[in-house]
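If you want the building blocks of each chain, they are given just below.
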Amino acid sequence: PLVHEKNMYLTMHEMLHAHGFSGSSFKNFIGANGKTLTGHIKSVVLDGSTRTVLDVEPLTTKLRNHYGCSTLPGAFLENDGGSGTAGSHFERRHFLYEAMTSGVIQGLRLSEFSLAVMEGSGWYLPDYSYADPFFVGKGEGCGFLYTSCSSSSITNYKDFCGTTGARGCGIVGVSGGVCQADSRSDGCQYNIPI
C-alpha cells in the first residue's frame, strides 16, 4: 500500500507539472480578463538570497490565511536543484510534505495550495473538496516563514526539530521519523518519515 500511495502522489505531481505547475509555464498564466498575467512572478529576499515567489489568486490569500501572515508576498518556490527543480516546486521548508515540493517522501499531501496554483493559472477551476488536509505552519505567523533555519528559535515552531538523529513523530501523524534536514529544506530539520 505504501508503494502504491507513493506512486499515486508521484503521478499527480508530474501531471500537475504537465498542466502548468512549472517555472516555464508561469509566464502563460492568464487573468479573469483573458489577458496574460504580469507581475505575478516576483523576486524577494529570504535568508540573504533572492528567491522566486509566485503571487496569484486565490493562492496568495489562501497562504496568508493558512500561515497567519498578512504580508506574505505569495508562495516561495524552491531555490535548489537546478533547472527543472528550482522555480518549479514549492519551497520545501515552507511546504513540508506537500506533493508539489521536489523529491518523494512518505506522507505527501496534495493540498489546496497546489490546486490554487492551478486555479491561479486561469486555465482550471479545481474542486477543493479533493485537497488533502495540510497543517504545516498553520497559524504560526510570519516568523515560521522568515526565521532562518540556522537560528535556534526555528525549533519554536512545532514542525521543526532540533536534535539531529532524534526519533519523533512525522508531521502528518502517520509515521515515526528521524530529525534531520534534507537537500531541499534549507537546513531546517524535521522528522523525516522512516
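You'll find the structure just up there.
Residues numbered from 1 in each chain as written. Predicted model: local features only at pLDDT ≥ 70, side-chain atom pairs only at ≥ 80, totals over all residues. Heavy atoms only, no water.

**Concerning the sheet that holds strand S1 (residues 41-46)**
And then number 1: In space, the three strands of this open sheet follow the order S1-S2-S3, with antiparallel pairing throughout. On the outer flanks of this sheet lie S1 and strand S3 (75-76), each paired with one strand and no other.
And then number 2: Pairing of strand S2 (residues 49-54) with S3, which is carried by two bridges, proceeds in the antiparallel orientation. Each bridged residue has a counterpart across the sheet, and for Leu-54 the counterpart in S3 is Ala-75. (Pairing = 2+ DSSP bridges. Helix = DSSP H or I, 4+ residues; strand = E, 2+ residues; numbered from the N terminus.)

**Quick word on the state of the cysteines**
And then number 1: According to the stated counting rule, one finds three disulfides in the structure shown.
And then number 2: Note on cysteine connectivity: Cys-69 is disulfide-linked to Cys-142, with sulfurs 2.0 Å apart. Residues Cys-69 and Cys-142 are joined through a disulfide that is right-handed, its torsion about the S-S bond being 100°. Remark: Cys-142 occurs in helix H4 (residues 142-146) and Cys-69 occurs in the loop between helix H2 (59-67) and S3; sequence separation between them is 73 residues.
And then number 3: By relative accessible area, which is 26% here, Cys-142 ends up partly exposed.
And then number 4: Two residues, Cys-161 and Cys-179, share a disulfide whose sulfurs are 2.1 Å apart. Negative torsions about the S-S bond denote left-handed disulfides, and the value of about 110° found for Cys-161 with Cys-179 makes this one right-handed. A residue pair is termed long-range when its members are at least 10 positions apart, and Cys-161 in the loop between H4 and strand S4 (167-169) and Cys-179 in strand S5 (residues 176-180) qualify at 18 residues.
And then number 5: On the basis of relative accessibility, which here comes to 16%, the residue Cys-161 falls in the buried class.
And then number 6: Overall, the relative accessible area of 1% leaves Cys-179 in the buried class.
And then number 7: Each disulfide in the chain links cysteines that, numbered along the sequence, combine into the pattern 1-2, 3-6, 4-5.
And then number 8: Residue Cys-169 stays outside any disulfide, its sulfur separated by 11 Å from that of Cys-161, the closest cysteine. (Disulfide = S-S within 2.5 Å. Buried < 20%, exposed > 50% of the residue type's maximum accessible area, 1.4 Å probe, protein only.)

**As for helix H3 (residues 112-120)**
And then number 1: In terms of residue burial, H3 counts as a mostly covered element, since seven of its nine residues are buried.
And then number 2: Between the side-chain oxygen at the start of H3 and the backbone nitrogen of Phe-113 there is a gap of 3.1 Å, and the oxygen is on Ser-111.
And then number 3: Directly beyond the C-terminal end of H3, a positive phi value near 85° is found at Gly-122. (Polar contact = N/O pair within 3.5 Å; in protein donor to acceptor, adjacent residues only side chain to side chain.)

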